[in-house]
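Structural overview for review
So the chains spell out like this:
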Amino acid sequence: DDKYACAVCTEVLEAAVSTGVCEHVFCRGCLEDHCAQASKPSECVCPLCRKPLVNGESGRVEASAAALVRANMKKLKGECHCGARMPLSRLRDHLRACGPNAHLYPPRRKFGHEFRQ
């Protein structure tokens, strides 16, 4: 289901975050990397709708955990190419160890409490 795919990496969402302005959902790592490529904060825009993601007052990217999306991903099942079925929230971890294409999935990133600016 595309609803649970990141528009940046096109994979199943991992550490899903919602943008504060337009509420589009991305992998946290994808959104952090996307914002890190901007040469100045005002150029950090949503990858889908191009709305600015930086709050003018605080100067910080507005993004938060997409709690509802994360909860749904724990309930919904996905299927790997090997036939294994599991919650969507665990599919990326499974793909890191499954089959000859496992090397295509980098290790899971660890995130702190603050969104990397």
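Each remark here, short or long, concerns the structure printed above.
Summary of the structure given here. On a predicted model such as this, the values are computed, not experimentally measured, just so you know. Counting from 1, residues in each chain are numbered in the order their sequence is written. The model is predicted, so local features are restricted to residues of pLDDT at least 70 and side-chain atom pairs to those at 80 or more, both for listing and for counting; the totals for chains, interfaces and linings are taken over all residues. For the side-chain quantities, the full set of heavy atoms in the structure was used; hydrogens and water were omitted.

In this description, a disulfide is simply a cysteine sulfur pair whose atoms lie within 2.5 Å. For the coordinates displayed, the defined rule picks out 1 disulfide. Here cysteine 35 is linked by a disulfide to cysteine 44, with a sulfur-sulfur distance of 2.2 Å. A single burial state applies to cysteine 35 and to cysteine 44, both of which are buried. Of all cysteine sulfurs in the structure, the one in cysteine 46 sits closest to cysteine 22, which takes part in no disulfide; the separation is 3.6 Å. Residue exposure (1.4 Å probe, protein chains only): buried if accessible area is under 20% of the type maximum, exposed if over 50%, otherwise partly exposed.

Let's shift gears to the layout of surface pockets. If you roll a probe as big as a water molecule over the atoms, it shows you where there is empty space left. The distinction between a cavity and a pocket rests on a 1 Å grid over the protein atoms alone: a 1.4 Å probe fits inside a cavity but cannot get out, while a pocket stays open yet meets protein on both sides within 12 Å along at least five of seven lines, and a residue with an atom within 4 Å of a point counts as lining. Grid points are joined across faces, edges and corners, and a volume is the space filled by probe spheres set on the points. By volume, the largest pocket is sized at about 270 Å³. Lining of the largest pocket is provided by 17 residues; of these, Glu14, Arg92, Arg96, Pro106 and Arg109 occupy positions nearest its centre. Among the elements that make up the lining of the largest pocket, the one with the highest residue count is helix H1 (residues 28-36) (3 residues). When residues are sorted by character, Ala, Val, Leu, Ile, Met, Phe, Trp, Tyr, Cys and Pro go into the nonpolar class, Asp, Glu, Lys and Arg into the charged class, and all the rest, Gly among them, into the polar class. Per-class residue counts for the lining of the largest pocket are 9 nonpolar, 1 polar and 7 charged. Helix and strand definitions here come from DSSP, where helices need a minimum of 4 consecutive H or I residues and strands a minimum of 2 consecutive E residues; each element is numbered from the N-terminal end.

Another point: the pattern of salt bridges. A pairing counts as a salt bridge when a side-chain nitrogen of Lys or Arg comes within 4 Å of a carboxyl oxygen of Asp or Glu. What the rule picks out here adds up to 5 salt bridges. Of the charged contacts, one joins arginine 92 and glutamate 14 as a salt bridge, the two residues approaching to 3.6 Å between their closest N and O atoms. On the criterion of sequence distance, the pair formed by arginine 92 in helix H3 (residues 88-95) and glutamate 14 in the segment before strand S1 (16-19) is long-range, its members being 78 residues apart. As far as burial versus exposure is concerned, arginine 92 and glutamate 14 are alike and both buried. Glutamate 14 serves as the salt-bridge partner of arginine 96, at 2.9 Å between the closest nitrogen and oxygen.

Of all hydrophobic cores here, the largest spans 25 residues; its most connected members are Leu13, Leu53, Val69, Met73 and Leu91. Two residues qualify as a contact provided that any one of their heavy atoms is within 4.5 Å of a heavy atom in the partner residue. Once residues within four sequence positions are removed from consideration, leucine 53 is found in contact with Thr19, Val21, Leu31, Cys35, Cys44, Val45, Cys46, Arg60, Val61 and Glu62. Within this scheme, the nonpolar core is defined by two criteria: the residues are buried Ala, Val, Leu, Ile, Met, Phe, Trp, Tyr or Cys, and they are joined through side-chain atoms within 4.5 Å.

Turning next to the environment of arginine 108. Of note, arginine 108 is situated in the segment after H3. Through-space distance from the C-alpha of arginine 108 to that of aspartate 93 is 7.5 Å; in sequence the pair is 15 residues apart. Setting aside chain neighbours within four positions, we find arginine 108 in contact with Glu14, Ala15, Asp93 and Arg96.

So, about the environment of proline 87. Tracing the backbone shows proline 87 in strand S5 (residues 85-87). As a C-alpha pair, proline 87 and leucine 76 span 11 residues in sequence and 5.4 Å in three-dimensional space. Not counting residues within four places of it along the chain, the set of residues in contact with proline 87 comprises Met73, Lys74, Leu76, Lys77 and Gly78.

Turning our eyes to something else, we now look at the pairing of S1. One face of the sheet, then the other: side chains in a regular strand alternate in exactly this way. Residues Ala16 and Ser18 point to one face of S1 and Val17 and Thr19 to the other, with burial holding for every one of them. Two strands make a pair as long as DSSP finds a minimum of two bridges between them. Examined bridge by bridge, S1 and strand S2 (residues 25-27) share 3 bridges and lie antiparallel to one another. Looking across to S2, one finds that alanine 16 is bridged to cysteine 27. Hairpin connection, S1 to S2: the antiparallel pair is bridged by 5 residues, and glutamate 23 has positive phi, about 65 degrees. Where S1 meets strand S3 (residues 63-65), 3 bridges bridge the pair, whose relative direction is antiparallel. Of the residues in S3, the one forming a bridge with serine 18 is serine 64.

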